[in-house]
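Residues per chain, in single letters:
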Amino acid sequence: MNDPIVARHWLAVIAPKAGPALATSTVLILARIWNANGAEHSVGNAALMTVLATGAAAAGACASVGRSGDSTIAGTAFAASGGLALAGVAGYADGLSLPLLMWVLATAIAYGLAARYWRTDRRESVAYERRTIERREDHAHVERVEALRAGAQIEVARSGAAYAESLATALITRAALPGFDPVELTRAGLPELPAINTTKEN
């Protein structure tokens, strides 16, 4: 049985690709709001964001060290570190040039990191689709072979039944002809026909 074809909406296809840009844009907008509310040239706020960004980067480095390192946790930590650094620069700076430059760099880095995971996911999806197609083709081949075998058996049985019916009709027609002698058939080498008892038992 064929699986139903489900068409994804174009928003569902585009949304994951727009995720990094939306994330960095949200951080930039919130940082500029924070800048307008007193973070501009605030050394304490800048120091706080520096410490948080450094801590997140250190957590990402620790999570990625060793054979048992979790790449998901490390990626999340590094992303948080970049976001905090962007927020700190955008909140501390008095103009838009440096925050926009940081936003472009952060967005490019985010897409560079995401592209690797997208490629891996795409390779896994393609491999899964190939395995699924191979399994379907194997099953379809087995079904075709079994259908041909069953059809051949049905045809043989049908031919045998038709032959038996034709033979019975020929024997009945032959026996009805005048001068039919089953003994002559036996003398000619044909199998002996069973005797027909025409008398009724009392």
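Scroll up to find the structure.
Below is a short write-up of the structure.

Conventions we followed
- Residues numbered from 1 in each chain as written.
- Predicted model: local features only at pLDDT ≥ 70, side-chain atom pairs only at ≥ 80, totals over all residues.
- Heavy atoms only, no water.
- Helix = DSSP H or I, 4+ residues; strand = E, 2+ residues; numbered from the N terminus.
- Buried < 20%, exposed > 50% of the residue type's maximum accessible area, 1.4 Å probe, protein only.
- Contact = heavy atoms within 4.5 Å.
- Areas by Shrake-Rupley, 256 points an atom, 1.4 Å probe, with all protein chains shown as cover.
- Salt bridge = Lys/Arg side-chain N within 4 Å of Asp/Glu carboxyl O.
- Patch = residues over 30% accessible without salt bridge, like charges linked within 9 Å, V, L, I, M, F, W, Y side chains within 5 Å.

The subject of this paragraph is the overall build of the protein chain. Across its full length, the protein chain carries 5 helices and 0 strands. When burial is assessed residue by residue, the protein chain has 13% of its 202 residues classed as buried. Sequence separation of 24 or more characterises 65% of the internal contacts of the protein chain that already satisfy a separation of 6 or more. Summed over its atoms, the accessible surface of the protein chain is roughly 15600 Å², and 65% of this surface lies on carbon and sulfur atoms.

The next subject is the pattern of salt bridges. According to the stated counting rule, one finds 2 salt bridges in the structure shown. Glu146 is paired through a salt bridge with Arg149; the nearest N and O atoms lie 3.3 Å apart. In this pair, Glu146 and Arg149 both sit in helix H4 (residues 97–176), 3 residues apart, roughly one turn of the helix. A salt bridge links Glu155 to Arg158; its shortest N-O distance comes to 3.8 Å. Of the two residues, Glu155 and Arg158 both sit in helix H4, 3 residues apart, roughly one turn of that helix. In this structure Glu155 comes out as partly exposed when scored by relative accessible area, which is 42%.

Along the chain, Thr107 turns up in helix H4. Residue class for Thr107 comes out buried when judged on its relative accessible area of 10%. If near-sequence neighbours (up to four positions away) are discounted, Thr107 is found in contact with Ala21 and Thr24.

Together, Ile29, Leu30 and Ile33 make up an exposed nonpolar region whose accessible area comes to about 300 Å². With respect to the helices and strands, the residue Leu30 is situated in helix H1 (residues 10–39). The class of Leu30 is exposed, set by a relative accessible area of 54%.

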